[in-house]
Amino acid sequence: MALNFTTGMTQSSNADSVTNWAAYRISGSGGAPSAAADAVTYREGAGSISARISGASWDAGLIYDHYTGHSNVVLNLATSGNEVLAIWFLCTSPSAMAALASNGAYILVQSSTETGTTAPTKYAKWTVLGSNVYPGGWVLLMIDTRKTPTTTAGGWTAGTDLALTRRIGIGLN
């Protein structure tokens, strides 16, 4: 028997320029995080996007505006072959991340219309990592959006909102 392998994986962003990338904060206090280009520490391409995510009880991260970056077209994660998201991740201060059971690191999918540094209001989060299980260094984090998210907000529903994805991100608690 021959192996037949096909994939729908399409790169949405190299994450090596801050264009269409922003830092956001859903909760916590203190100064706002900001996204910056890093041409020294990266996994692929010519650089990476970094942010200092630290503050009192923060839930914050980096988010890519796919809608703006792709000529105002939503990403349909409900289409067969588009259900898996993969994001390279590096945390230089893992002790500042919550444990896995406390939703340490997550991948976020947003369908609401916020842009820039404005926190999303309608989204789903899939917890993927925590300080107690982070192996260190760059890791490839993946989610299957057909699986139930860890957290949702703003009335997010898988059937409708996955087809209307505007921003994708990685966040920390």
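Relevant structure appears above.
Residues numbered from 1 in each chain as written. Predicted model: local features only at pLDDT ≥ 70, side-chain atom pairs only at ≥ 80, totals over all residues. Heavy atoms only, no water.

**Structural notes on the side chain of Lys-125**
- Along the polypeptide, Lys-125 turns up in strand β7 (residues 123-129).
- With sequence-adjacent residues up to four places away left out, Lys-125 is seen in contact with Ile-26, Asp-59, Tyr-106, Ile-107, Leu-108, Pro-149, Thr-150 and Thr-151. (Helix = DSSP H or I, 4+ residues; strand = E, 2+ residues; numbered from the N terminus. Contact = heavy atoms within 4.5 Å.)

**Here's the deal with the packing of aromatic side chains**
- Tallied over the entire structure, the rule returns three aromatic pairs.
- A centroid spacing of 5.9 Å and a plane angle of 75 degrees characterise the contact between Phe-89 and Tyr-134, whose relative ring orientation is edge-to-face. Here Phe-89 is found in strand β5 (residues 84-89), whereas its partner Tyr-134 is found in the loop between β7 and β8 (139-144), with 45 residues between them in sequence. Neither residue differs from the other here; Phe-89 and Tyr-134 are each classed as buried. (Phe/Tyr/Trp six-rings, centres within 6.5 Å; stacked < 30°, edge-to-face > 60°. Buried < 20%, exposed > 50% of the residue type's maximum accessible area, 1.4 Å probe, protein only.)

**Quick look at the sheet that holds strand β4 (residues 56-65)**
- The strand order across the open sheet built from six strands is β1-β4-β10-β6-β7-β9, with neighbouring strands paired in antiparallel fashion. The open sheet has two edge strands with one neighbour each: β1 (21-29) and β9 (151-153). Across the sheet, the mean angle from the axis of one strand to that of its neighbour is 25 degrees, orientation sign disregarded.
- In this structure, strand β6 (residues 105-110) lies alongside strand β10 (residues 167-172), joined through six bridges in antiparallel fashion. Along β10, the bridge assignment pairs Ile-107 with Ile-170. (Pairing = 2+ DSSP bridges. Axes fitted to C-alpha atoms, helices over the stretch in contact; angles between N-to-C directions.)

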